[in-house]
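Close look at the chain arrangement
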Amino acid sequence: NILIENNLQPEIAQLKKAELQFNIYNDLDSAYKILNRLDKNSSKIDIEIRTSIMKSDILIIKGYLDSALNLINHNHYKFENYLNNKKIFDTNYKNLEIFLYKGNYNILADELDSLINNCNLDDRNYNDLLELKMITLFFKDDVELFKKYARILYKLKMNKSFEAILDLIDLVNSENILISELAQFQYALIEFQKGNIDNVQKIISEMDSKTVYYEISLILNAEIEDYINKNYDGAIKLYEIIIDKFPDTIFKEDIIKRL
């Protein structure tokens, strides 16, 4: 009501209200009801597509992947002739996310390649697409293991971190070092988000390879010492170790600035 009284467009205000219910209060049902009313009454294509994307997110979290996919596809085809490339990309990106959670490796790989080929280099999602492409290549010889990883990501989406951690342990023991360290890094991120800093550093200390995830984990460890523990002497040593071990790291400029 305050948003509307402040002369924001009523539909935008309702969209913001739904976002508050969804993101802040975690009241998925109330958010979905608001979005449903918007769907029925909105005359703006932009509002309708934003509404459908948020509704699909709610369906995903509640476990209705097929319903979310149908919703996105319906709206994509409905507005395809009216949307600009950016809006079409947004719906395709949400489509890709659903295929990821469903664990269908071949469909995901095809959709991913299509999106990368049609994505602008300055798009905010471009790096995420490249990272996902790299991850899919780790699993190209073990599609069943990819399904397990996809289930882990889906459980994290649904805030089932404990179940995700149990499944990650199997991946940590994989003979494929890239998959193993991907799982260790994912585990470290979960613990970091839960505030278990000691566990994060323990996980990182047990990684001894030279994969990209080992490199990123070392940076995370240095930043924990720097920004959380305020151990500046320790952080300096860790930053210097990173530059020594990975002289061509893409993070080198940022590390030098921080030093």
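Quick caveat: nothing in here was measured; it's all calculated off a predicted structure. (Residues numbered from 1 in each chain as written. Predicted model: local features only at pLDDT ≥ 70, side-chain atom pairs only at ≥ 80, totals over all residues. Heavy atoms only, no water.)

In the contact formed by helix α12 (residues 197–205) and helix α13 (residues 212–228), the axes pass within 10 Å of each other and the chain directions differ by 145°. By crossing handedness, the relation of α12 to α13 is classed as left-handed. Listed contacts from α13 to I197, V200, Q201 and I204 of α12 are S217, L218, L220, N221, I224, E225 and I228. Classifying every residue of the contact of α12 with α13 gives seven nonpolar, three polar and one charged. (Axes fitted to C-alpha atoms, helices over the stretch in contact; angles between N-to-C directions. Helix = DSSP H or I, 4+ residues; strand = E, 2+ residues; numbered from the N terminus. Left-handed = near helix turned anticlockwise from the far one by under 90°. Contact = heavy atoms within 4.5 Å. Nonpolar A, V, L, I, M, F, W, Y, C, P; charged D, E, K, R; others polar.)

Moving on, we come to the environment of D90. Within the fold, D90 resides in helix α6 (residues 85–102). On the accessibility criterion, D90 (14% relative accessible area) is buried. Taking C-alpha positions, D90 is 9.0 Å from I49, a pair spaced 41 residues apart along the chain. (Buried < 20%, exposed > 50% of the residue type's maximum accessible area, 1.4 Å probe, protein only.)

With that out of the way, let us pick up a nonpolar patch on the surface. Taken together, the side chains of L20, I24 and Y25 define a hydrophobic patch exposed on the protein surface, amounting to about 350 Å² of accessible area. Checked against the element boundaries, L20 lands in helix α2 (residues 10–24). (Patch = residues over 30% accessible without salt bridge, like charges linked within 9 Å, V, L, I, M, F, W, Y side chains within 5 Å. Areas by Shrake-Rupley, 256 points an atom, 1.4 Å probe, with all protein chains shown as cover. Salt bridge = Lys/Arg side-chain N within 4 Å of Asp/Glu carboxyl O.)

Of all residues except glycine, most have a negative phi; of all peptide bonds, most are trans. If you check the backbone angles, N26 has positive phi at about 55° while not being a glycine. Here N26 is to be found in the loop between α2 and α3 (28–41). Despite not being glycine, K230 shows a phi value in the positive range, around 55°. Inspection of the secondary structure puts K230 in the loop between α13 and α14 (232–245). K230 gets classed as partly exposed once you look at its relative accessible area, which sits at 49%.

This next bit is on the side chain of E225. Mapped onto the elements, E225 comes out in helix α13. Buried charged residue E225 carries no salt bridge. Nearest counter-charge: K237, at 11 Å. Here Q201 takes part through its side chain, which lies 2.7 Å from a polar atom of the side chain of E225. A distance of 3.2 Å separates a polar atom in the side chain of E225 from a polar atom in the side chain of N229. (Lys, Arg positive; Asp, Glu negative; His and termini not counted. Polar contact = N/O pair within 3.5 Å; in protein donor to acceptor, adjacent residues only side chain to side chain.)

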